Amino acid sequence: QVQLVESGGGLVQAGGSLRLSCAASGRTFSRYGMGWFRQAPGKEREFVGCISWTAESTLYTDSVKGRFTISRDNAKKMMYLQMNSLKPEDTAVYYCASLERLWGAVAPADFGSWGQGTQVTVSS
């Protein structure tokens with residue numbers, strides 16, 4: 001099992017930026033794709049994006065393309081989510097997770113270990 005801890009959430013005005021971090025420990029972090037999800041109150045957990053274990057490939061949901069960027073540092077066992085041009089609809093708890101299926105899988109069930117989440121609130 002890999003243990004994941006998110007950080008970096010907070011309150012920001014619309015149009016602002018935040019950088020979330022995901023720290024991993026345990027099994028070999030660098031061998032797995034990693035993803036970011038978010039969940040707003042009363043809504044299902046939503047795929048945000050993911051990055052391959054080599055960092056050569058990324059996928060994003062349409063609503064964040066061009067605004068969010070995922071990166072990773074395997075030597076530090078860290079993954080990041082740079083969020084720019086934030087909108088009130090980006091408000092949610094953000095989670096990082098390890099990909100347990102083949103690349104391209106984006107359902108929550110395709111991901112294994114999960115962090116505890118970090119709250120992002122975007123005010124209008």
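Attention here is on the structure that accompanies the text. From a predicted model like this one, the values you see are computed outputs, not experimental measurements.

1. Examining unusual backbone geometry
Then step 1. We note that lysine 77 has phi near 55°; this positive angle belongs to a residue other than glycine.
Then step 2. Here lysine 77 lies in the loop between strand S7 (68-73) and strand S8 (78-83).
Then step 3. The residue serine 85 is not glycine, and still its phi comes out positive at about 50°.
Then step 4. Structurally, serine 85 can be placed in the loop between S8 and strand S9 (92-99).
Then step 5. When its relative accessible area of 41% is taken as the criterion, serine 85 is described as partly exposed.

2. Brief notes about the pairing of strand S1 (residues 2-7)
Each regular strand carries side chains that alternate between the two faces of the sheet.
Then step 1. Burial along S1 is one-sided: the residues Val2, Leu4 and Glu6 are buried and none of Gln3, Val5 and Ser7 is.
Then step 2. Strand direction decides the pairing type here: S1 and strand S3 (residues 18-26), joined by 6 bridges, are antiparallel. Within S3, the position partnered with serine 7 by the bridge is serine 21.

3. Quick notes on the nonpolar core
Then step 1. In this structure, Trp36, Phe68, Met79, Leu81, Met83 and Tyr94 are the most contacted members of the largest nonpolar core, which totals 26 residues.
Then step 2. Leaving out residues up to four positions away in the same chain, phenylalanine 68 has contacts with Arg38, Val48, Tyr60, Leu81, Gln82, Met83, Asn84, Leu86, Asp90 and Tyr94.
Then step 3. Counting residues in each nonpolar core, the second largest holds 7 residues, with Phe47, Cys50, Ala105 and Phe111 among its members.

4. A short note on the pattern of salt bridges
Then step 1. Summed over the entire model, instances satisfying the criterion amount to 4 salt bridges.
Then step 2. A salt bridge links arginine 38 to glutamate 46, with the shortest nitrogen-to-oxygen separation between them at 2.8 Å.
Then step 3. In this structure, arginine 67 and aspartate 90 form a salt bridge, with 2.8 Å as the shortest nitrogen-oxygen distance. In this pair, arginine 67 is assigned in the loop between strand S6 (58-60) and S7 and aspartate 90 in the loop between S8 and S9, connecting sequence segments 23 residues apart. Take arginine 67 and aspartate 90: they sit in the same class, and that class is buried.
Then step 4. Among the ionic contacts, a cluster of salt bridges with common partners joins Arg38, Glu46, Arg67 and Asp90.

5. Let's talk about the state of the cysteines
Then step 1. Taken as a whole and judged by the stated rule, the model has 1 disulfide.
Then step 2. Across the disulfide, cysteine 22 is cross-linked to cysteine 96 (sulfur-sulfur distance 2.1 Å). Torsion about the S-S bond of the cysteine 22 and cysteine 96 cystine: about 70°, corresponding to right-handed handedness. Remark: cysteine 96 occurs in strand S9 and cysteine 22 occurs in strand S3; sequence separation between them is 74 residues.

How each quantity is defined
Residues numbered from 1 in each chain as written. Predicted model: local features only at pLDDT ≥ 70, side-chain atom pairs only at ≥ 80, totals over all residues. Heavy atoms only, no water. Helix = DSSP H or I, 4+ residues; strand = E, 2+ residues; numbered from the N terminus. Buried < 20%, exposed > 50% of the residue type's maximum accessible area, 1.4 Å probe, protein only. Pairing = 2+ DSSP bridges. Core = buried A, V, L, I, M, F, W, Y, C linked by side-chain atoms within 4.5 Å. Contact = heavy atoms within 4.5 Å. Salt bridge = Lys/Arg side-chain N within 4 Å of Asp/Glu carboxyl O. Disulfide = S-S within 2.5 Å.

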